[in-house]
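Spelled out from the first residue to the last, the chains are:
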Amino acid sequence: TQLLEQSPQFLSIQEGENLTVYCNSSSVFSSLQWYRQEPGEGPVLLVTVVTGGEVKKLKRLTFQFGDARKDSSLHITAAQPGDTGLYLCAGEARETSGSRLTFGEGTQLTVNP
Amino acid sequence: NAGVTQTPKFQVLKTGQSMTLQCAQDMNHNSMYWYRQDPGMGLRLIYYSASEGTTDKGEVPNGYNVSRLNKREFSLRLESAAPSQTSVYFCASGLAGQSYYEQYFGPGTRLTVT
């Protein structure tokens, strides 16, 4: 069973601060996704990273895939209250029976105005 | 284009009752998935279907059955509900390319078993 450890589990910061969320595993993944989930809703895909060392930017969010494709990070610059939510990383295992995702436990981010 | 839809949104069952959660996607994806989400445990895969006509067990399949009715629809059945099955259930559909993978989620069904 592939496991993904996400840290920190909870993060409460002030508007304007920077933060980084980490997602680590001992397993190699075909790709890694980051999702954001708001209360009462399903997770929404933010980004997929595929290549080791890949960096993707989505406005103030920067996603990085580790060189060995075992870990990833999400960095938010100048956080805003609208960034509040549950951030989930998920690693893809591509098998003959299809692709499956293993999810981390999530990071609950609260950005205070 | 509704994406992934789930019914019902809320359900309360008594122990031993049965029910079927419905899921449909209109994105023409081959793969569909059922997850449950519990506090502190993230999303755990119950069953998945890589293509029409196939289903496979995920991490926590006990107490559940699934049916891939056609390419669009994937249902989850609880034959005899137990309080341990109180959870939020999410359906998702997935699209895999040669160098990418994307999964899209429905809004969830909040199930309480008393």
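Structure's up top.
Here is what the cut-offs are and how they apply
One numbering rule holds for all chains: residues counted from 1, following each sequence as written. Each chain takes a letter, starting from A, and each ligand takes a number, starting from 1, following the order in which they are written. Reporting in this predicted model follows two pLDDT cut-offs: at least 70 for local features of residues, and 80 or more for side-chain atom pairs to be given and counted; totals over whole chains, interfaces and linings ignore these cut-offs and use all residues. For the side-chain quantities, the full set of heavy atoms in the structure was used; hydrogens and water were omitted. Pairing between two strands is assigned when DSSP locates at least 2 bridges connecting them. We count a stretch as a helix when DSSP gives it H or I for four or more residues in a row; a strand needs E for two or more, and each element gets its number in order from the N terminus. Helix axes are fitted to C-alpha atoms over the stretch in contact, other axes to C-alpha atoms as well, and angles between N-to-C directions run from 0 to 180 degrees.

### Some words on the sheet that holds strand E1 (residues 5–7) of chain A
Residues and elements named next belong to chain A.
Link 1 in the chain: Spatially, five strands are ordered E1-E3-E8-E7-E6 in an open sheet, and the strand pairing comes out antiparallel. The open sheet has two free edges, formed respectively by E1 and strand E6 (55–58), since each of these has just one partner strand. When the angles between neighbouring strand axes are averaged without regard to direction, this sheet yields 15°.
Link 2 in the chain: By the bridge criterion, three bridges tie E1 to strand E3 (residues 19–24) in an arrangement that is antiparallel. Of the residues in E3, the one forming a bridge with Ser7 is Tyr22.

### Looking at the sheet that holds strand E1 (residues 4–7) of chain B
All names here are of chain B.
Link 1 in the chain: Spatial strand order, E1-E3-E8-E7: four strands in an open sheet with antiparallel pairing. Edge strands, defined here as strands with exactly one partner in the open sheet, are E1 and strand E7 (64–68). Pairwise comparison of adjacent strand axes, ignoring direction, gives a mean angle of 20° for this sheet.
Link 2 in the chain: Where E7 meets strand E8 (residues 74–78), five bridges bridge the pair, whose relative direction is antiparallel. Across the sheet, the residue bridging to Tyr64 is Leu78, located in E8.

### Side note on unusual backbone geometry
Link 1 in the chain: Residue Pro8(A) is reached from Ser7(A) by a cis peptide bond, and omega for that bond is -5°.
Link 2 in the chain: Tracing the chain through its elements places Pro8(A) in the loop between E1 and strand E2 (10–14).
Link 3 in the chain: For the peptide bond that leads from Thr7(B) to Pro8(B), omega is -10°, which places it in the cis range.
Link 4 in the chain: With respect to the element layout, Pro8(B) can be found in the loop between E1 and strand E2 (10–13).
Link 5 in the chain: In this model, Ala78(A) sits at a positive phi of 50°, which is unusual for a non-glycine residue.

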